[in-house]
Amino acid sequence: MANNKEVAGQDYEQAPEYQQHVQAVLASYDNPEGLLGELVGQLADAFWWIKVYRRDKENLVLSQMATALAKRGRYVEVDQHLRLNLFELLSGRLTDSNSDIESRVTLNELMTERGHNLASLRAEASREVLPQIDTMDRLIERQFKNIRLLMQAHDSAKFAPQLHKKLDLEIKQLELQVKKSDEDQRLEVARQ
Amino acid sequence: MKTSVSKLLANRANALKSTGPKSQHGKHASSKNAHKHGLAESLSDGERAPSLLNAELVNDARRLGYSHEDAVALIDALQTNRSVILAKHAAYAEKPIEDRMPNMSMEKIDELLGWWMSPEVKVTPRERRYIVKLLYKEVEKDNDPVRRLTLKIDAHRKLMRYEQRAVNRLRRAAKGQK
């Protein structure tokens, strides 16, 4: 069994966003309990990670863009405040939300200073974090596979009673058939 | 900030003096230093003592029509997969802000180092460069969001094979296959 002493105490399950997500998935499966509830909970977790990876893929590119603009020296010596502002500006600009004119001017000035426009900055940032994006794509793919396998496991567990009942009936029917054919044979022999 | 960096330096300095554990207990403890999540053992163990399994879930599986043996195998697989999920969440958790190193350049670290170290401490320029680099790595890790996210992604990449094996095993167990 896994030794989860290091992971014990992580209260992600208490995070409202995560709880809401799990509750929504459980509700879509008619709130199962026990074994089926745990299986659906694990299924919900796989859906959760797809959401997280997708969000973080975008955040990764935006962070890289902000870092590139905020970088000053040879090393990562970056003005944290500026980077944070740039991150918000970039995410606002890329999602077409309303950012004030002054901020847009600042961003444009910084990009021009570094010889970039928004597209070229994004392209360069994406190139920089390409290995991480590849890994995230693989992780997302893995979650889809997990979902498929967990759904199969859920269906097997859910329909196990019906399956067992059906198998029991089939076995009983076969036993009866065998018994009947035995009796028929005996009668046939007796008649002859 | 001063406290955490000083503590780090003191720990490093003390660690250099150490010749390793002496007692059996210490040796046993240090043999587990590289132990990260224990998932590897859990997946290769195969059978688990039924007492460690959630009895309620085993009973539930029995109620669903699984034989005792199949129910134990299914709940074992289910709990192993839950352990992988917990490890994933733990690996993705953000380091609390108060535990992070403040953002500063190598030059600044070097400058502060001179200020923190007492004149009795004899450190060669090479050792000093090493300490600065070590501290700078921590600064980088704690302050660069790209780096922080990269570390988390990498941790999940490493857990991927455990995830794959755990879910496959769970699917097989649910189907009543060994």
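Residues numbered from 1 in each chain as written. Chains lettered and ligands numbered in written order. Predicted model: local features only at pLDDT ≥ 70, side-chain atom pairs only at ≥ 80, totals over all residues.

S.K.: Teacher, can you tell me more about the nonpolar core here?
M.R.: Here is a general trend for soluble globular proteins: nonpolar side chains tend to be buried in one another's company. Within the largest apolar cluster, 60 residues are counted, with the highest numbers of intra-cluster contacts made by Met 65 of chain A together with Leu 74 of chain B. Counting only elements with at least two residues in this core, the list comes to helix 2 (34-70), helix 3 (80-94), helix 5 (118-128) and helix 6 (130-158) of chain A together with helix 4 (55-63), helix 5 (68-92) and helix 8 (145-174) of chain B. No other element matches helix 2 of chain A, which puts 18 residues into this core. In this structure, Ile 109, Leu 135, Tyr 136 and Val 139 of chain B belong to the second largest nonpolar core, which totals 5 residues. (Core = buried A, V, L, I, M, F, W, Y, C linked by C-beta atoms within 7 Å. Buried ≥ 20, exposed ≤ 12 C-beta atoms within 10 Å, placed from the backbone. Helix = DSSP H or I, 4+ residues; strand = E, 2+ residues; numbered from the N terminus.)

S.K.: Quick question: what am I supposed to make of unusual backbone geometry here?
M.R.: Apart from glycine, the bulk of residues carry a negative phi angle, and the bulk of peptide bonds sit in the trans form. Residues and elements named next belong to chain A. Of note, the phi angle at Asp 30 is positive, near 60°, even though the residue is not glycine. Looking at the element boundaries, Asp 30 is found in the loop between helix 1 (16-28) and helix 2. Among the residues examined, Asp 30 registers 8 C-beta atoms within 10 Å and is labelled exposed. The backbone of Asn 31 shows a phi angle near 45°, a positive value even though the residue is not glycine. Position of Asn 31 relative to the elements: it lies in the loop between helix 1 and helix 2. The exposed category is assigned to Asn 31, around which 11 C-beta atoms lie within 10 Å.

S.K.: Just to check I follow, could you spell out helix 1 of chain A for this structure?
M.R.: Side chains of residues three or four places apart in an α-helix project in the same direction, reflecting 3.6 residues per turn. Residues and elements named next belong to chain A. Here helix 1 spans 18 Å end to end across 13 residues, near enough to the 18 Å set by a 1.5 Å rise per residue. By the criterion of burial, helix 1 is predominantly exposed, with just 0 of the 13 residues buried. Downstream of helix 1 by a residue or two, Asp 30 has a phi angle that is positive, lying close to 60°. (Expected span 1.5 Å × (residues − 1).)

S.K.: Would you mind showing me how to read the confidence of the model for chain B here?
M.R.: Low-confidence regions, as indicated by low pLDDT, have predicted coordinates that should not be scrutinised in detail. Residues and elements named next belong to chain B. Averaged over all residues, the pLDDT of chain B equals 79, while 71% of them reach at least 70. Across chain B, helix 8 holds the top mean pLDDT of 93, while helix 3 (residues 39-45) sits lowest at 53. A low-confidence stretch, residues 43-48 stays under pLDDT 50, and its non-local contacts, those more than four residues away or across chains, total 8 contacts. Interface confidence in the predicted complex, given as ipTM, is 0.72; pTM for the same model is 0.70. (pLDDT = per-residue confidence, 0-100. Contact = placed C-beta atoms within 7 Å.)

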